[in-house]
Amino acid sequence: LGAGKTTLVKGIAQSLRIHEPITSPTFPLSQHYIFGTPPLIHIDLYRIEEENAANEFFLQEEEESKALGALIVVEWPERLSLPMLDAWRGKLEYSPDRQSRLFQLMPPVDLDRIL
C-alpha cells in the first residue's frame, strides 16, 4: 500500500494521451478512461478477497476492454486464480532505505521458448 501504483498509472495514462484526472479505483474498483490511444481501464482488486468474485469481476472488465480495444492495468492481480500468460507483470516496491521506489517490468511468459 502506498508504493505509488496510481502514480505509475498516471504515467501510463500520460503516454496514452489521457488528459483527465487519474484516480485510484480502490473504492469504485475500476476507472475507465475511454479517450486514450488506446483507452485505459484501471482496476484494483484489493477489496475483493474472494477469489471467484475477483475472477468474475476481472473477466467482465476484460470483456469490456476487448470491446474498447483498451489496455488494462490491474492492481493486486494476486487476488486472481486465472492464468494470465499474455500479461506483462510489474513489481513496485520501496527501496530498502524507503527513500525511493523500485519498479521491475517483466514480459509475458513465452510459451514457445519453454515448450
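The structure this text deals with has already been given above.
Report follows, based on the coordinates. Being a predicted model, the structure only gives us computed values, none of them experimental.

### Concerning the overall build of the protein chain
Next, step 1: Along its length, the protein chain carries 3 helices and 5 strands.
Next, step 2: The C-alpha atoms of the protein chain give 15 Å as radius of gyration, which agrees with the globular expectation for 115 residues (13 Å, within 12%).
Next, step 3: Along the longest, intermediate and shortest principal axes, the C-alpha atoms of the protein chain span 40 × 35 × 30 Å.
Next, step 4: Every one of the 115 residues in the protein chain was classed for burial, and the buried ones make up 32%.
Next, step 5: Relative to all contacts within the protein chain whose residues are 6 or more apart in sequence, the contacts with residues 24 or more apart total 45%.
Next, step 6: For the protein chain, the accessible surface area stands at approximately 7900 Å², while carbon and sulfur atoms represent 54% of it.
Next, step 7: Each charge class in the protein chain was averaged separately, 11 positive and 17 negative side chains, and the resulting centres sit 8 Å apart.

### Topic: the nonpolar core
Next, step 1: Of all hydrophobic cores here, the largest spans 13 residues; its most connected members are Ile43, Leu45, Ile48, Phe57, Phe58 and Leu80.
Next, step 2: If one sorts the elements of this core by residue count, helix α2 (residues 51-68) sits on top with 3 residues.
Next, step 3: Those residues in contact with Leu80 that sit more than four places away from it in its chain are Leu45, Ala54, Asn55 and Phe58.

### Considering the pattern of salt bridges
Next, step 1: Scanning the entire structure with this criterion turns up 1 salt bridge.
Next, step 2: The partner of Glu93 in a salt bridge is Lys91, and the shortest N-O contact between them spans 3.9 Å.
Next, step 3: For Glu93, a relative accessible area of 36% puts it in the partly exposed group.

### Some thoughts on helix α1 (residues 5-15)
Next, step 1: Thr6, Val9 and Ala13 are the residues of α1 that are buried. One face of α1 carries all of its buried residues, which in axial projection span an arc of 55°. Every exposed residue of α1 that faces more than 90 degrees away from the buried side is listed here: Thr7, Gln14 and Ser15.
Next, step 2: Buried residues along α1 sit against β2 (40-44) and β3 (71-75).

### Here's the deal with the sheet that holds β3
Next, step 1: Here we have 3 strands laid out as an open sheet, ordered β1-β2-β3, and mixed in their pairing. Of all strands in the sheet, those with a lone pairing partner are β1 (30-33) and β3, marking the two edges. Taken over all neighbouring pairs, the strand axes of this sheet differ in orientation by 10° on average, direction set aside.
Next, step 2: Pairing analysis gives 5 bridges linking β2 to β3, with the strands arranged parallel. Counted as the bridge partner of Leu40 is Leu71 from β3.
Next, step 3: Across the face of the sheet, α1 comes into contact with β2 and β3 while running at roughly 170° to β3.
Next, step 4: Most of the contacts of α2 go to β2, to which it runs at about 175°, and overall it touches β1, β2 and β3.

What counts, and at which threshold
Residues numbered from 1 in each chain as written. Predicted model: local features only at pLDDT ≥ 70, side-chain atom pairs only at ≥ 80, totals over all residues. Heavy atoms only, no water. Helix = DSSP H or I, 4+ residues; strand = E, 2+ residues; numbered from the N terminus. Rg over C-alpha atoms; globule rule 2.2 N^0.38 Å. Buried < 20%, exposed > 50% of the residue type's maximum accessible area, 1.4 Å probe, protein only. Contact = heavy atoms within 4.5 Å. Areas by Shrake-Rupley, 256 points an atom, 1.4 Å probe, with all protein chains shown as cover. Lys, Arg positive; Asp, Glu negative; His and termini not counted. Charge placed at Lys NZ, Arg CZ, Asp CG, Glu CD. Core = buried A, V, L, I, M, F, W, Y, C linked by side-chain atoms within 4.5 Å. Salt bridge = Lys/Arg side-chain N within 4 Å of Asp/Glu carboxyl O. Arc of directions from axis to C-beta. Pairing = 2+ DSSP bridges. Axes fitted to C-alpha atoms, helices over the stretch in contact; angles between N-to-C directions.

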